[in-house]
Amino acid sequence: MADRSGTGHPKWLRRFHQSEPGAPRLLCLPHAGGSASFYFPVSKALSPAVDVCAAQYPGRQDRAGEPFAHSVQELAQGVYDELDERDRTPTALFGHSMGALVAFELARLLENAGRPPAVLFLSGRRGPSAERAESLYQGDDAKLIEEVVRLDGTDAAVFEDEELRRLVLPPLRADYRVVDAYRPTPGPRLGCPLVVLTGDADPRVTPDEARAWARETDGPFECHVHPGGHFYLVARQQAVLAGIEAALRRFAPGAGAAL
């Protein structure tokens, strides 16, 4: 990966643990309102056999002084621009919720550049052909908080603290605006393997809407439905990580030796 930030360290990508030489890479894209640190447990569990890195979107944590992105495509392009075009490490993408849309657009950029992802993991998000109109970002703070708490994305106690609320709500609202405005970039279907994951009780995604991602690839397709809601992957971490490792062994060249 290339440092294009001019600050001596990558601007968009974070690593939390060292990996073994030649390990396959898992590049993780956070959900709306989320940050790279959400994937710290994934890095801890999979390293050093997998090189786990996570995107840090502008407007939060150590990038709090930067303006928010205006589109899913802008987020995907920002991550893409920091990747080293000379690096041929087998790279899989994992995106949850809004991150699934970012991962999808990033996969298209990579395929167009002749560097398709080894696997594209899409979690907790409807396929583009099954999209519904959403305008949660236009509601007041109470409505936005109610939705986030309903999804179990943030502890309700966070919103009881005024200072924390001022930190959490702006990136959350900005990300919901980005999701609402999202329209897929026109182009051919992907050729890489798609592995879709969802919770059977997710109020935002039905299993059939998750399976709609099959229309976006000519490659292998799998859909795994786990018990749980929108953030099923927290309670089901062990099963989700086992599925990631299994998919990397099947689809990522040379991953078997590292895993």
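Residues numbered from 1 in each chain as written. Predicted model: local features only at pLDDT ≥ 70, side-chain atom pairs only at ≥ 80, totals over all residues. Heavy atoms only, no water.

Caption draft 1: Representation of the overall build of the protein chain. The helix and strand tally for the protein chain stands at nine helices and seven strands. A burial count over the protein chain gives 51% of its 259 residues as buried. Summing over all exposed atoms, the protein chain offers an accessible surface of approximately 11,600 Å²; the carbon and sulfur share of this is 51%. (Helix = DSSP H or I, 4+ residues; strand = E, 2+ residues; numbered from the N terminus. Buried < 20%, exposed > 50% of the residue type's maximum accessible area, 1.4 Å probe, protein only. Areas by Shrake-Rupley, 256 points an atom, 1.4 Å probe, with all protein chains shown as cover.)

Caption draft 2: Representation of the nonpolar core within the structure. If you look at the biggest cluster of nonpolar residues, it comprises 44 residues, and the most contacted ones within it are L27 and L120. If you list the elements that add at least two residues to this core, you get β2 (25-29), β3 (51-55), α2 (72-82), α3 (98-112), β5 (120-123), α4 (141-150), α5 (162-181) and β6 (194-199). Sorting elements by how many residues they give to this core places α3 first, with nine residues. Excluding residues that lie within four positions of it along the chain, L120 makes contacts with L93, A103, F104, A107, L190, C192, P193, L194 and V195. Counting residues in hydrophobic clusters, the runner-up holds 25 residues, among them V52, A92, V119 and I244. (Core = buried A, V, L, I, M, F, W, Y, C linked by side-chain atoms within 4.5 Å. Contact = heavy atoms within 4.5 Å.)

Caption draft 3: Local environment of the environment of L197. Following the sequence through the fold, L197 ends up in strand β6. Owing to a relative accessible area of 5%, L197 belongs among the buried residues under this scheme. C-alpha of L197 to C-alpha of F121: the two residues are 76 residues apart in sequence and 7.4 Å apart in space.

Caption draft 4: Structural view of α3. Taking 1.5 Å as the rise per residue, α3 with 15 residues should run 21 Å; its terminal C-alpha atoms sit 22 Å apart, in good agreement. Burial analysis of α3 places twelve of its 15 residues in the buried class, the great majority of the element. Those residues of α3 that sit buried are M98, G99, A100, L101, V102, A103, F104, E105, L106, A107, R108 and L110. Looking at the buried side of α3, the elements it contacts are β2, α2, β4 (91-96), β5 and α5. (Expected span 1.5 Å × (residues − 1).)

Caption draft 5: Structural context of the environment of A23. If you trace the backbone, A23 turns up in the loop between β1 (13-15) and β2. Look at A23 and you get buried, because its relative accessible area is 4%.

Caption draft 6: Broad picture of the packing of α2 against α3. Running from N to C, α2 and α3 cross one another at 55°; their axes reach a closest spacing of 8 Å. Comparing their axes, α3 and α2 come out oblique. α2 and α3 meet at a crossing whose hand is right-handed. For the pair α2 and α3, the contacting residues are V72, Q73, L75, A76, Q77, V79 and Y80 in the first and M98, L101, V102, E105, L106, L109 and L110 in the second. Residue composition of the contact of α2 with α3, by class: eleven nonpolar, two polar and one charged. (Axes fitted to C-alpha atoms, helices over the stretch in contact; angles between N-to-C directions. Parallel < 35°, antiparallel > 145°, perpendicular 65-115°, else oblique. Left-handed = near helix turned anticlockwise from the far one by under 90°. Nonpolar A, V, L, I, M, F, W, Y, C, P; charged D, E, K, R; others polar.)

Caption draft 7: How the structure looks around the pairing of β4. Buried residues dominate β4, accounting for six of its six residues. Residues of β4 alternate between two faces, with T91, L93 and G95 on one and A92, F94 and H96 on the opposite face, all of them buried. Bridging between β2 and β4 involves five bridges; their strand directions are parallel. If you follow R25 over to β4, its bridge partner there is T91. With four bridges connecting them, β4 and β5 associate as parallel partners. Bridging from a neighbouring strand, G95 pairs with L122 of β5. (Pairing = 2+ DSSP bridges.)

Caption draft 8: Geometry of the packing of α4 against α5. Packing of α4 against α5 leaves a shortest axis separation of 11 Å and a crossing angle of 85°. The angle between α4 and α5 places the two elements in the roughly perpendicular class. Of the residues in α5, those touching α4 at D141, L144, I145, E147 and V148 are R165, L169, L172, R173 and Y176. The class makeup of the residues in the contact of α4 with α5 is six nonpolar, no polar and four charged.

Caption draft 9: The arrangement of α5 in detail. With 20 residues, α5 should reach 28 Å at 1.5 Å per residue; the first-to-last C-alpha distance of 29 Å fits that figure. Approximately 25° is the largest bend angle found in α5, and it occurs at V168, with the proline P170 only one to four residues beyond. Considered for burial, the residues of α5 that qualify are L169, P171, L172, R173, A174, D175, Y176, V178 and V179. (Bend = angle between axes of the 7 residues up to and from the residue.)

Caption draft 10: Here's a closer look at the packing of aromatic side chains. The final tally for this structure, using the stated rule, is six aromatic pairs. Ring geometry for F38 against Y39: centres 5.2 Å apart, planes inclined by 90°, an arrangement best described as edge-to-face. Its relative accessible area of 1% is what places Y39 among the buried residues. Here the aromatic cluster, defined as three or more aromatic residues joined through ring pairs, consists of F38, Y39, F94, F121 and F231. (Phe/Tyr/Trp six-rings, centres within 6.5 Å; stacked < 30°, edge-to-face > 60°.)

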